[in-house]
Every structure is written in C-alpha cells, then in structure tokens.
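Each chain is listed here by its residues.
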Amino acid sequence: MVFGRRAQQALEMRRAGRSKAEVERATGATIGAYDVTFDVARGEIFVIIGLSGSGKSTILRAINRLNESTEGKVYLDGDLISEMPAKQLREVRRKKIGMVFQHFGLLPNRTVLDNIAFGLEIQGVPAQERKKKAEETLPAVGLEGQGSKLITELSGGMKQRVGLARALATEQEILLMDEPFSALDALIRRDMQNLFLDIQGEARRTVVFVTHDLDEALTLGHRVAIMKDGDIVQIGTPEQILREPATEYVERFVEGVDYAKVRHAESVMVRPREVAYENEGPTVVLRRMRQAGLSHIFVVDQERRLIGVSEAEDVARLAERDERELQAAVNFAPNVGRRTPLREVLPLFVEDGDAPVAVVGEGDRLEGIIVRGALIAGLTTSVEPHDEGGEDLSGAAAPQTSENLDRVHVRRVGE
C-alpha cells in the first residue's frame with residue numbers, strides 16, 4: 001500500500017531492495033505496508049503491534065477497504081473484498097465487519113442506549129428490536145442502569161464500555177479494533193482489557209486488534225504480528241515471540257517485558273498425574289497419592305468438573321477412622337482460567353503455600369495444574385515446559401484448526 005503519486009515507481013524500488021526511507025526520498029511516496037501476508041482464524045484475537053508509522057493501522061483499514069490497497073488481495077470466507085462492488089462492500093461492513101476506533105465515535109447528544117443502538121440503526125433494524133438488543137448488552141459491559149444517561153455525563157472508562165457495547169450489539173462476526181484502550185489510564189485500561197477478554201470468551205468474535213503497547217498485545221493476542229517500516233517482521237503466539245524472536249529488532253522490542261503480565265496460566269500448566277473422584281473412598285485415594293508421591297490431589301466429578309482439593313494428611317485421617325467417603329477431606333481449590341496472567345496466579349501461592357493451583361476450562365472442567373516450580377520458571381525469560389509426569393499442555397492457546405483458518409485472509413497487501 002503506497003501513498004503518493006509515484007506509487008508504481010516506489011514499489012519497483014522497494015522490490016529492488018531499497019529501504020522505505022530511500023524510496024520516500026527518491027519518489028516522495030510513502031509505503032504504508034509492503035508484502036504483508038497473514039490469515040486470521042475464526043474466533044481468534046490477532047494483534048498487530050508496532051511503533052508509530054510502522055503501518056499497523058494502515059493494514060487494519062485495508063481489511064474493510066477504508067484504505068484501498070495499491071496491490072494485493074483481501075479475502076473473507078473466500079469472497080474477494082478487495083474487488084467487491086461498492087454496494088456489496090457496504091453490506092459486508094454493515095453485517096459482517098465492525099470497526100472500533102480509539103474514541104469510538106460516540107454521539108454526545110444521544111443517550112447511552114441510543115449510542116449502543118446506533119450501529120443497528122445503520123443496519124436498518126426496527127426501533128423496538130434495536131432498543132431490546134441494546135438493553136441486552138448493558139449488563140455484559142457493566143452499564144446496568146446507565147442507559148438513559150447522556151454520553152457527556154460519563155467517565156472515559158464508561159465511554160469505552162459504551163463503544164464496546166455498540167460493537168457487540170450489531171453481532172458482526174469480525175471486529176477491527178484500532179487502539180481502543182490507548183487513551184485510558186493504566187488501571188482503567190487493564191479493567192477494559194479484562195472486560196474485553198471476558199466478553200470475547202462468550203461472544204467468540206474474530207478480532208484484529210491494533211496496539212502500540214507490547215504488554216497489551218501479549219496479554220490479549222492469540223497470535224501477534226510485529227511490524228517495522230511497513231513490513232511484518234514476525235508473526236507468532238506470545239510465547240513464540242518471547243522465546244524465539246525472529247530478528248534482532250524483535251529481540252530489542254521485547255526487552256524488559258514483564259512476563260508476569262503477558263504469560264498466561266496455560267503456558268506453565270501440566271496435566272495432573274492423578275485425580276480423585278468425589279465418589280471414591282479415602283483408602284483408595286490415599287493409596288493413589290502415596291504411589292504418585294503427591295501431597296495434594298484435585299477432586300473431580302465424573303465429567304471431570306473441579307470439586308476441590310484434598311491434602312494427604314486429611315485423607316490419611318479419614319482412612320485411619322475407616323471412613324467411607326472423601327467429602328470431609330475436600331477443601332476449596334484455588335483455580336484460574338487458561339488465559340489468566342501469571343501475575344494473578346502468583347498471589348494464590350502466597351495465600352495457600354505449596355498447594356498447586358487448578359486450571360479450569362469451560363464448565364469448570366479440570367484442564368491442568370500449576371505447581372510452584374513451574375510458576376517460578378514461567379516468570380523468567382527462559383521458561384521450559386514443566387512436567388508433573390503427564391502430557392505437556394503449554395502450547396494449546398490459539399483457536400486455529402483446519403476448519404476455521406480462513407475467516408479473514410490478507411495476502412500481499414500493498415506489494
């Protein structure tokens with residue numbers, strides 16, 4: 001993608017190996033993005049990060065053709081967006097691809113509810129139906145009871161919630177988000193990131209998210225693309241970016257990152273060697289713990305939903321008394337989700353000593369455990385997968401499968 005009158009000359013020079021700066025000096029044209037190729041999977045949060053002027057917003061706007069590509073193709077479900085007639089493109093923007101800007105473009109003379117319903121109004125949804133849908137989004141973003149307020153009465157964080165609610169209300173499959181939280185202070189920004197992840201866990205939208213903040217990129221992204229001077233220099237999961245920087249530039253880019261913020265529970269969890277079932281007796285469970293050398297064991301139901309955790313000493317006391325049920329030895333089990341940052345896992349070890357922390361998935365099913373040693377390793381720059389004797393689960397983050405990989409495909413934009 002080239003901005004300027006001598007676009008073709010600029011591209012030819014760039015193909016010949018001239019740098020972006022050299023091309024601009026010679027032609028007066030600016031190469032916003034060059035030879036950019038990536039796919040985005042259904043339900044994935046794909047983050048594009050780079051310094052100011054690196055081309056990240058240029059690429060984002062090329063996906064829905066707010067920026068027209070000089071060369072290259074953009075596909076959605078096999079449809080060629082980059083060559084769609086204007087009428088068809090308008091329908092795609094209304095029904096499939098939503099755009100969320102830094103300040104959300106809220107209308108100050110309208111109420112919260114009317115702002116949320118605005119996207120539905122553009123889609124031609126009848127008034128009563130769009131009011132109902134707008135009202136249904138209020139609880140999801142923490143705006144219960146705020147629907148009648150004017151935008152001018154809200155704080156910055158609440159305005160961002162309104163913008164997020166408007167994007168959700170339209171039920172568009174794909175959201176393009178251009179630095180939506182960058183204007184917020186650090187505390188509110190973190191709250192909005194958590195809220196976004198909570199909502200995404202339910203809504204499963206396909207998201208292309210642009211940011212200049214590395215912590216934000218590594219916290220939110222299933223995969224991250226790092227840009228420099230219009231080029232993508234590396235695409236990978238947050239773990240791959242941190243552990244295997246592709247270039248010296250990427251290595252410098254991630255220097256000083258706070259691993260407690262950006263690494264998630266799934267990066268250090270392992271499958272538990274043994275579990276106990278709630279209907280088992282203490283003698284059976286104690287024997288299993290002794291054979292495995294465990295001081296704690298997680299208790300689950302028949303569908304592997306987490307019930308709690310038992311200590312060996314408590315189980316042994318029940319066995320000595322010839323008790324038939326394990327229930328008296330089952331205590332509350334500290335647990336987190338797969339995408340919980342390690343900084344939120346750390347306090348659980350401070351509070352509960354050496355007891356492992358459970359990692360649960362959908363329906364509170366036990367998916368893995370975190371032990372103290374693995375957590376400490378995860379807070380360093382050279383973490384290696386920790387194994388408690390079972391299958392390593394450290395690499396199962398991004399929702400990419402052969403059946404959902406082609407939701408959004410951008411190929412050689414601006415070459």
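Cut-offs used in this document
- Residues numbered from 1 in each chain as written.
- Predicted model: local features only at pLDDT ≥ 70, side-chain atom pairs only at ≥ 80, totals over all residues.
- Heavy atoms only, no water.
- Helix = DSSP H or I, 4+ residues; strand = E, 2+ residues; numbered from the N terminus.
- Contact = heavy atoms within 4.5 Å.
- Areas by Shrake-Rupley, 256 points an atom, 1.4 Å probe, with all protein chains shown as cover.
- Salt bridge = Lys/Arg side-chain N within 4 Å of Asp/Glu carboxyl O.
- Buried < 20%, exposed > 50% of the residue type's maximum accessible area, 1.4 Å probe, protein only.
- Axes fitted to C-alpha atoms, helices over the stretch in contact; angles between N-to-C directions.
- Left-handed = near helix turned anticlockwise from the far one by under 90°.
- Nonpolar A, V, L, I, M, F, W, Y, C, P; charged D, E, K, R; others polar.
- Parallel < 35°, antiparallel > 145°, perpendicular 65-115°, else oblique.
- Pairing = 2+ DSSP bridges.
- Polar contact = N/O pair within 3.5 Å; in protein donor to acceptor, adjacent residues only side chain to side chain.
- Phe/Tyr/Trp six-rings, centres within 6.5 Å; stacked < 30°, edge-to-face > 60°.
- Lys NZ or Arg CZ within 6 Å of the ring centre and 35° of its normal.

Help me understand the overall build of the protein in this model?
When its secondary structure is counted, the protein shows 17 helices and 18 strands. Taking as baseline every contact in the protein between residues at least 6 positions apart, the subset at least 24 positions apart corresponds to 66%. Put simply, the protein shows about 19400 Å² of open surface, and 46% of that area lies on carbon and sulfur atoms.

Please explain the pattern of salt bridges as it appears in this structure.
A side chain of one charge can pair with a side chain of the opposite charge when the charged atoms of the two come close. On inspection of all chains with the given rule, the structure shows 28 salt bridges. With a shortest N-O distance of 3.5 Å, Lys95 and Glu91 are connected by a salt bridge. Here Glu91 and Lys95 lie together in helix H4 (residues 86-95), a separation of 4 residues that amounts to about one turn. Among the residues examined, Glu91 registers a relative accessible area of 34% and is labelled partly exposed.

Where do I start with the packing of helix H1 (residues 7-15) against helix H2 (residues 20-27) in this structure?
The relative placement of two packed helices is expressed as an angle between their axes plus a distance between the axes. One way to put it is that H1 packs onto H2 with a least axis distance of 10 Å and a crossing angle of 145 degrees. Between H1 and H2 lies a crossing whose hand is right-handed. Mapping the contact onto sequence places Gln9, Ala10, Met13 and Arg14 in H1 and Lys20, Glu22, Val23, Ala26 and Thr27 in H2. Taken together, the residues of the contact of H1 with H2 break down into 4 nonpolar, 2 polar and 3 charged.

Could you clarify how one ought to interpret the packing of helix H14 (residues 282-292) against helix H15 (residues 312-320) in this entry?
Between H14 and H15, the least distance of the axes is 8 Å, while the angle of their chain directions is 140 degrees. When the axes of H14 and H15 are compared, the pair comes out oblique. Every pair of crossing elements has a handedness; the one defined by H14 and H15 is left-handed. Along the contact surface, H14 presents Pro282, Thr283, Val285, Leu286 and Met289, while H15 presents Ala312, Val315, Ala316, Leu318 and Ala319. When the residues that make up the contact of H14 with H15 are grouped by side-chain class, the tally is 9 nonpolar, 1 polar and no charged.

Help me out: how do you make sense of the sheet that holds strand E14 (residues 306-311) in this one?
Sheets are built from strands that pair by backbone hydrogen bonding, the pairs being arranged parallel or antiparallel. Pairing in this open sheet of 3 strands is mixed, and the strands run E12-E13-E14 from one edge to the other. The open sheet has two edge strands with one neighbour each: strand E12 (276-277) and E14. Pairing geometry for strand E13 (residues 296-300) and E14, over 5 bridges, is antiparallel. In the strand pairing of E14, Val299 is matched with Gly308. Contacting E12, E13 and E14, H14 runs over the sheet at an angle of about 135 degrees to E13.

I keep staring at unusual backbone geometry and nothing clicks. Help me out?
Peptide bonds are mostly trans, and most non-glycine residues show a negative phi. Of note, Asp35 is a non-glycine position whose phi angle comes to about 55 degrees, a positive value. For Asp35, the position within the fold is in the loop between strand E2 (30-31) and strand E3 (36-40). Looking at Asp35, the relative accessible area reads 35%, which means it is partly exposed. The phi angle at Asp322 is positive, at roughly 60 degrees, despite the residue not being glycine. Inspection of the secondary structure assignment puts Asp322 in the loop between H15 and strand E15 (335-337). Of the residues examined, Asp322 reaches a relative accessible area of 46% and is grouped as partly exposed.

Help me out: how do you make sense of the side chain of Arg288 in this one?
As for its position among the elements, Arg288 is in helix H14. Judged by relative accessible area, which is 17%, Arg288 ranks as buried. Polar side-chain contacts of Arg288 include one of 2.7 Å to the side chain of Glu280. Not counting residues within four places of it along the chain, the set of residues in contact with Arg288 comprises Glu274, Val275, Ala276, Glu280 and Ile297.

Sorry, what's going on with helix H3 (residues 56-63) here?
Structural remark: α-helix, 3.6 residues per turn; residues separated by three or four positions point the same way. Taken across its 8 residues, H3 has 6 buried, putting it largely inside the fold. Within H3 the residues assigned to the buried category are Lys56, Thr58, Ile59, Leu60, Ala62 and Ile63. A positive phi of about 65 degrees marks Arg65, the residue just after H3.

Can you help me understand the packing of aromatic side chains in this one?
What characterises a pair of aromatic rings is the spacing of the ring centres plus the angle enclosed by the ring planes. Inspection of every chain in the model, using the stated rule, returns 5 aromatic pairs. Taken together, the aromatic side chains of Phe181, Phe196 and Phe209 make up a single cluster linked through ring pairs. In this structure, Lys228 is placed above the aromatic ring of Tyr249, and the distance from its NZ or CZ to the ring centre is 5.4 Å.

What is the right way to look at the sheet that holds strand E9 (residues 206-211) in this model?
Here 6 strands make up an open sheet; going across it, the order is E7-E8-E9-E4-E10-E11 and the pairing mixed. Looking at which strands have only one partner, the edges of the open sheet turn out to be strand E7 (97-100) and strand E11 (231-236). The average angle at which neighbouring strand axes cross in this sheet is 15 degrees, direction not considered. One ladder, built from 5 bridges, connects strand E8 (residues 174-178) with E9; its direction is parallel. Bridged to Leu175 within E9 is Val207.

In this structure, what is going on with the pairing of strand E17 (residues 366-370)? I would like to understand it.
Each regular strand carries side chains that alternate between the two faces of the sheet. With 4 of its 5 residues buried, E17 lies for the most part within the structure. Both strand E16 (residues 357-360) and E17 contribute to a ladder of 4 bridges, which runs antiparallel. Following the sheet pairing, Ala358 is matched in E17 by Ile369. Hairpin connection between E16 and E17: a loop of 5 residues separates the two successive antiparallel strands, and Gly363 in this loop has a positive phi of roughly 70 degrees.

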